Amino acid sequence: ILVADDDNNNPLSSSKRKTSFFRKNTSHHHHKGIARKMGMRGEDWKLLLIAASKSKDWKLCINTMQFLRPYLCATHPKRGNPHKLTRKYHKLSRALTSLLLCLEDCKQDAWAIRAIDDWIEWCGRRPPKEAVLACVRMHAAARRGA
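Residues numbered from 1 in each chain as written. Predicted model: local features only at pLDDT ≥ 70, side-chain atom pairs only at ≥ 80, totals over all residues. Heavy atoms only, no water.

## With respect to helix H5 (residues 94-105)
Right, on to step 1. If you check H5, its first and last C-alpha atoms are 17 Å apart, about what 12 residues at 1.5 Å a residue would give, namely 16 Å.
Right, on to step 2. With respect to burial, H5 is a largely interior element, 9 of its 12 residues being buried.
Right, on to step 3. Of all the residues in H5, the buried ones are Ala 95, Leu 96, Thr 97, Ser 98, Leu 99, Leu 100, Cys 102, Leu 103 and Glu 104.
Right, on to step 4. Buried residues in H5 make contact with helix H2 (42-54), helix H3 (58-73), helix H4 (82-92), helix H6 (109-123) and helix H7 (129-144).
Right, on to step 5. Where H5 terminates, the next one or two residues include Lys 107, which has phi positive at roughly 55°. (Helix = DSSP H or I, 4+ residues; strand = E, 2+ residues; numbered from the N terminus. Expected span 1.5 Å × (residues − 1). Buried < 20%, exposed > 50% of the residue type's maximum accessible area, 1.4 Å probe, protein only. Contact = heavy atoms within 4.5 Å.)

Here it is as structure tokens:
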């Protein structure tokens, strides 16, 4: 489902930039069904992504992100009680920060931009500041040639 299969694969070079990490025909409900069948909740996927980030396995991080999608979509402000949804969102937001820190260490700046873009699309909220700062540091280092 995901396109993170090649070190030379640039997610921003696609002519279909408006699509997220996933095939266009997969829906939020399809991903949630898969996640439930696996017996894992959003918190479990977040912890798996954090563990992958600590091991610097950026491909596993990107691929795990797809399983957080239904849980992030469920925190969209248009879906109900904003206070309750904000708490759920904050519980999951550490996942994006971990993902971007891993992508920063592995110098995968194009994937970082793509991850932030999809995150905003899925949950309709600003990404965590720490995640954005990791992306900014990555681009500043690339600009300096480091």
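## What to know about the nonpolar core
Right, on to step 1. Within the largest apolar cluster, 31 residues are counted, with the highest numbers of intra-cluster contacts made by Leu 96, Leu 99, Leu 100 and Leu 103.
Right, on to step 2. Mapped onto this core, the elements with two or more residues apiece are H2, H3, H4, H5, H6 and H7.
Right, on to step 3. For this core, the leading source of residues is H3, giving 9 residues.
Right, on to step 4. The residues touching Leu 103, leaving out its near neighbours within four places in the chain, are Trp 58, Ile 62, Gln 108, Trp 111, Ala 112 and Met 138. (Core = buried A, V, L, I, M, F, W, Y, C linked by side-chain atoms within 4.5 Å.)

## Section: the pattern of salt bridges
Right, on to step 1. One pass over the structure, following the stated rule, counts 4 salt bridges.
Right, on to step 2. Its salt-bridge partner being Arg 41, residue Asp 44 comes within 3.5 Å of it at the nearest N-O pair.
Right, on to step 3. Residue Asp 44 is classed as partly exposed on the basis of its relative accessible area of 22%.
Right, on to step 4. Note that Lys 56 and Asp 105 form a salt bridge whose closest N and O atoms lie 2.7 Å from each other. Remark: Asp 105 occurs in helix H5 and Lys 56 occurs in the loop between H2 and H3; sequence separation between them is 49 residues.
Right, on to step 5. Here Lys 56 falls in the partly exposed class, since its relative accessible area comes to 40%. (Salt bridge = Lys/Arg side-chain N within 4 Å of Asp/Glu carboxyl O.)

## Brief notes about the confidence of the model for the protein
Right, on to step 1. Residues of the protein with pLDDT of at least 70 account for 73%, and the chain-wide mean is 81.
Right, on to step 2. Here helix H1 (residues 28-37) stands out as the element of the protein with the lowest mean pLDDT, 55, in contrast to H2, whose mean of 95 is the highest.
Right, on to step 3. Scored below 50 in pLDDT, residues 14-20 shows 11 contacts in the model against residues more than four places distant or in partner chains.
Right, on to step 4. With pLDDT under 50 throughout, residues 22-27 is counted as low confidence; its partners more than four residues away or in other chains account for 10 contacts. (pLDDT = per-residue confidence, 0-100.)

## With respect to the packing of aromatic side chains
Right, on to step 1. Following the criterion strictly, the structure yields 3 aromatic pairs and no others.
Right, on to step 2. Relative to Trp 111, the ring of Trp 58 lies with its centre 6.3 Å away and its plane at 40°, an arrangement referred to as tilted. Taken together, the positions of Trp 58 in helix H3 and Trp 111 in helix H6 put the pair 53 residues apart, joining distant regions of the chain. Across this residue pair, the class does not change: Trp 58 and Trp 111 are buried. (Phe/Tyr/Trp six-rings, centres within 6.5 Å; stacked < 30°, edge-to-face > 60°.)

## Notes on H2
Right, on to step 1. Here H2 spans 19 Å end to end across 13 residues, near enough to the 18 Å set by a 1.5 Å rise per residue.
Right, on to step 2. Regarding H2, the residues found buried are Gly 42, Trp 45, Lys 46, Leu 49, Ile 50, Ala 52 and Ser 53. Projected down its long axis, H2 shows its buried positions confined to an angular sector of 160°, all on one face.
Right, on to step 3. Of the residues one or two after H2, Lys 56 is the one with positive phi, at around 65°. (Arc of directions from axis to C-beta.)

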